[in-house]
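Observations on chain architecture
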Amino acid sequence: MTEPHTWAERVARAIQHSATRHIGVVPVYYPILEGLGLRAAINDVCPRWREIDLGRIGLILTLNRLMAPQPLSRVGQWVGQTILPDLLSVSVDKLYDKRLARALDAIHPFLGELWTSLVIQAVHREEIDLSVLHWDTTTFYFEGEYSESELARYGHSSDGKPKCKQAKIGYDVTHIERLPFVYHLLAGQRTDVTLPVFNLNSIVDLLGQPELGRGKIHPLIVSDGKMVTRPLVAAAHDNDLYYLGPWEENKAVKAALRSVSGAQLGAHQLSYRPQRAVNDPGFEPYQAVWRPFSVTHNGQTFAERGLVVWSEGNQRLDEEKRKHHLKALLNRLRQIQGYLNRGKYNSKKYAAQQILLAQRGNPAKSLVDVDLSGEDRALRLQFAINRQKLTEAIALDGKYLLGTNHPTLTAEQALTYFKGQDRIEKRNGVLKGPLRVRPIYLNNDQRIEGMVFINMVALLAWSILELRCQRAGLSHTGQSILNGFASLYATDQTFTDGSRLYQVGDVSDFQQAVLSSLQFPPVETYLTVPPRMG
């Protein structure tokens, strides 16, 4: 064999194997997850498990959700393409899907305890403000039958998948930091109206932990439509908590809305502006006036406060909806009128049924007076818009009622907090987008609950990263950091003498700036080559 003449030739001949290993966002999420104590918390409640401790498996599954979410059958293959085998001293061949699934079974009895531990750590380490929480629910769907699942059920889908079974997640995030605080996994058919008290009690339980002051914190819980109910009002008073959200329209709510005139509203304009209208000179300010609002539940009456709010956008939307529904109803009534005394429409019973079907579910049905007279084969249908009721409906355009039991909340604060509800909607986008909580392919409820826990831990870490960026003066989102670190790789070389060398590829200015600003260790920290363990 010809002797090598250059160092390049010598090194090339000495290399037995060379591979690229993905680093990605490991340098930003690994220290966050270690700081939360994820691995330690799992190992504390679950003793060493077979050949790999459960803490390492939990960490691997969480990093997978944050970097490149995979079904359990492909997690091991993904790990083998990253620096994680050496960083975590784990053999890829031990990360097969059945073992990962059994790991989810093993942590299942401790999910509540684990989440509590992680959230308490996050609250203290990140100095989280718990004074205002936002609550909402969302769904995720399943592929398959899941005939034995108590969680996978048909219900109203927020994913646009009505033919797929689903489960529901309800959770709260903090107003300022957008950090997930309490979460619940629920059966897919559960309706939102049944959940407000359940959510409030869960918050009470978590705030009762000694590390959080044993109930000394009394947050304001902000929610969206159908979440403010009479039982919730009573529960909030019983537990010294506060609520804020819109009341569904009923007679009492309409009376409160009518009690405030346009002139009164016009005299109380608010400074709040949505982001889209910050620089819009034509923006019509929100208007709001407080009114007393009594709520009775189980014989007990509570003297609450109601904020009558008017917005130009809501007024326009109310007008458009009414026109649409009125047009649909009137067109159908004219159609029925034209069919009368022919075929099936010779029957008064059948014609009356068709009229009821036309009215069913149409919000404008109360605005149209309908009279079907005569006998079979001699029917007459008359209908007309009730002008008085139409005038009353128009007077409510653009108005809604925010209810609260908070004694000192200003109108400006109430509207700002309520409009901040998009914080949890954006977290829903992260959960379903980059973290891919949907679809679920796991075959039993324990594993489903375990994987949702992993997704929520990933969302917690994602939120902490964005919070730290904000506090460091960086405008980056979790998504932009995920994209910005996607190109970060290392070269793993094994030489003929058995030695190994890890070398980091190019670290971009963006990557270096993020790590420096967040005071995270350099990339090289994660490229040690420890001895292999099980």
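All of these numbers come straight from a predicted model, not from anything done at the bench. (Residues numbered from 1 in each chain as written. Predicted model: local features only at pLDDT ≥ 70, side-chain atom pairs only at ≥ 80, totals over all residues. Heavy atoms only, no water.)

Helix and strand counts for the protein chain stand at 20 helices and 13 strands. Taking the principal axes of its C-alpha atoms as reference, the protein chain extends roughly 110 × 60 × 50 Å. Here the protein chain holds 534 residues, and the buried ones make up 50% of them. Looking at the protein chain as shown, the accessible area adds up to about 25500 Å², and 49% of this sits on carbon and sulfur atoms. Separation of charge centres in the protein chain, based on 62 positive and 54 negative side chains, amounts to 8 Å. (Helix = DSSP H or I, 4+ residues; strand = E, 2+ residues; numbered from the N terminus. Buried < 20%, exposed > 50% of the residue type's maximum accessible area, 1.4 Å probe, protein only. Areas by Shrake-Rupley, 256 points an atom, 1.4 Å probe, with all protein chains shown as cover. Lys, Arg positive; Asp, Glu negative; His and termini not counted. Charge placed at Lys NZ, Arg CZ, Asp CG, Glu CD.)

Low-confidence regions, as indicated by low pLDDT, have predicted coordinates that should not be scrutinised in detail. Averaged over every residue, the pLDDT of the protein chain is 91; the share at 70 or more is 95%. The least confident element of the protein chain is helix 1 (residues 7-14), whose mean pLDDT is 70; the most confident is strand 8 (residues 300-310), at 98. Contacts of residues 530-534 to residues separated by more than four positions or lying in other chains number 14 contacts, the stretch itself having pLDDT below 50. (pLDDT = per-residue confidence, 0-100. Contact = heavy atoms within 4.5 Å.)

Overall, mixed pairing links the eight strands, which are arranged 4-3-2-5-6-11-8-7 in an open sheet. Every interior strand has two partners, whereas the edge strands, strand 4 (180-187) and strand 7 (287-297), have only one. Direction aside, the axes of adjacent strands within the sheet are offset by 25 degrees on average. Across the sheet, helix 9 (residues 196-207) is in contact with strand 2 (132-141), strand 3 (166-174), strand 4 and strand 5 (220-222); its angle to strand 4 comes to roughly 135 degrees. (Pairing = 2+ DSSP bridges. Axes fitted to C-alpha atoms, helices over the stretch in contact; angles between N-to-C directions.)

To continue, consider unusual backbone geometry. We note that S89 has phi near 50 degrees; this positive angle belongs to a residue other than glycine. Mapped onto the fold, S89 is located in the loop between helix 6 (84-87) and helix 7 (97-107).

Turning our eyes to something else, we now look at empty space enclosed by the protein. Tallied over the full model, the rule gives two cavities of 30 Å³ or more. Of the volumes computed, that of the largest cavity is approximately 50 Å³. Contributing to the lining of the largest cavity are W135, P196, N199, L200, I221, M227, L232, Y242 and Y243. At the level of elements, helix 9 and strand 6 (242-246) are the ones that each hand at least two residues to the lining of the largest cavity. Looking at which element gives the most residues to the lining of the largest cavity, the answer is helix 9, with three residues. Residues of the lining of the largest cavity, tallied by class, amount to eight nonpolar, one polar and no charged. Around the second largest cavity, the lining residues are I42, L54, I57, G58, L61, A103, L104, I107 and I454. For the lining of the second largest cavity, the secondary structure elements donating two or more residues are helix 4 (54-67) and helix 7. The biggest single contributor to the lining of the second largest cavity is helix 4, with four residues. Across the lining of the second largest cavity, the residue classes tally to eight nonpolar, one polar and no charged. (1 Å grid on protein atoms, 1.4 Å probe; cavity = no way out; pocket = protein on both sides within 12 Å on 5 of 7 lines; lining within 4 Å. Points joined across faces, edges and corners; volume = space filled by probe spheres on them. Nonpolar A, V, L, I, M, F, W, Y, C, P; charged D, E, K, R; others polar.)

Attention now moves to the environment of L415. Within the element layout of this structure, L415 appears in helix 16 (residues 411-419). We classify L415 as buried; its relative accessible area is 0%. For the pair L415 and A19, spaced 396 residues apart in sequence, the C-alpha separation works out to 55 Å.

Glancing now at the layout of surface pockets. Taken as a whole, the largest pocket spans an internal volume of roughly 1100 Å³. Lining the largest pocket are 31 residues; nearest its centre among them are E249, D318, K321, L396 and K399. For the lining of the largest pocket, the secondary structure elements donating two or more residues are helix 11 (251-258), helix 13 (312-339), helix 15 (387-395), strand 11 (399-404) and helix 16. The leading source of residues in the lining of the largest pocket is helix 13, at six residues. Grouping the amino acids of the lining of the largest pocket by side-chain chemistry returns 13 nonpolar, four polar and 14 charged.

Attention now moves to the nonpolar core. One finds V28, Y29, F181 and F453 to be the most contacted residues of the largest nonpolar core, which totals 131 residues. With 16 residues, the top contributor of residues to this core is helix 18 (residues 445-471). Other than its neighbours up to four places away in sequence, V28 contacts L465, I481, F485, V514, L515 and F520. The next biggest cluster of nonpolar side chains, apart from the first, holds 19 residues, and it includes L220, L307, L402 and A414. (Core = buried A, V, L, I, M, F, W, Y, C linked by side-chain atoms within 4.5 Å.)

Our next topic: the packing of aromatic side chains. Under the counting rule described, the total for this entry stands at nine aromatic pairs. Measuring from centroid to centroid gives 5.1 Å for Y345 and Y350, while their planes differ by 85 degrees, and the two rings are edge-to-face. Considering the side-chain rings of F485 and F510, the 6.2 Å spacing of their centres and the 65 degrees angle between planes classify their relative orientation as edge-to-face. Highlighted residues: F485 in the loop between helix 19 (478-484) and strand 12 (489-495) and F510 in helix 20 (residues 509-517), separated in sequence by 25 residues. Judged by its relative accessible area of 0%, F485 falls in the buried class. Among the residues examined, F510 registers a relative accessible area of 27% and is labelled partly exposed. Through a chain of ring-to-ring contacts, three or more aromatic side chains come together here, namely Y272, F283 and Y286. (Phe/Tyr/Trp six-rings, centres within 6.5 Å; stacked < 30°, edge-to-face > 60°.)

Let us now look at the pairing of strand 8. Bridging between strand 7 and strand 8 involves eleven bridges; their strand directions are antiparallel. Paired with Q287 across the bridge in strand 8 is W310. Taken together, strand 7 and the strand that follows it, strand 8, pair antiparallel across an intervening segment of two residues, in which N298 is found at a positive phi of about 50 degrees.

Quick look at the pattern of salt bridges now. One pass over the structure, following the stated rule, counts ten salt bridges. When the shortest N-O distance is used, the salt bridge between R56 and D53 registers 2.7 Å. Just as R56 is buried, D53 falls in that class too. Residue R447 pairs with D105 through a salt bridge whose shortest N-O separation is 2.8 Å. (Salt bridge = Lys/Arg side-chain N within 4 Å of Asp/Glu carboxyl O.)

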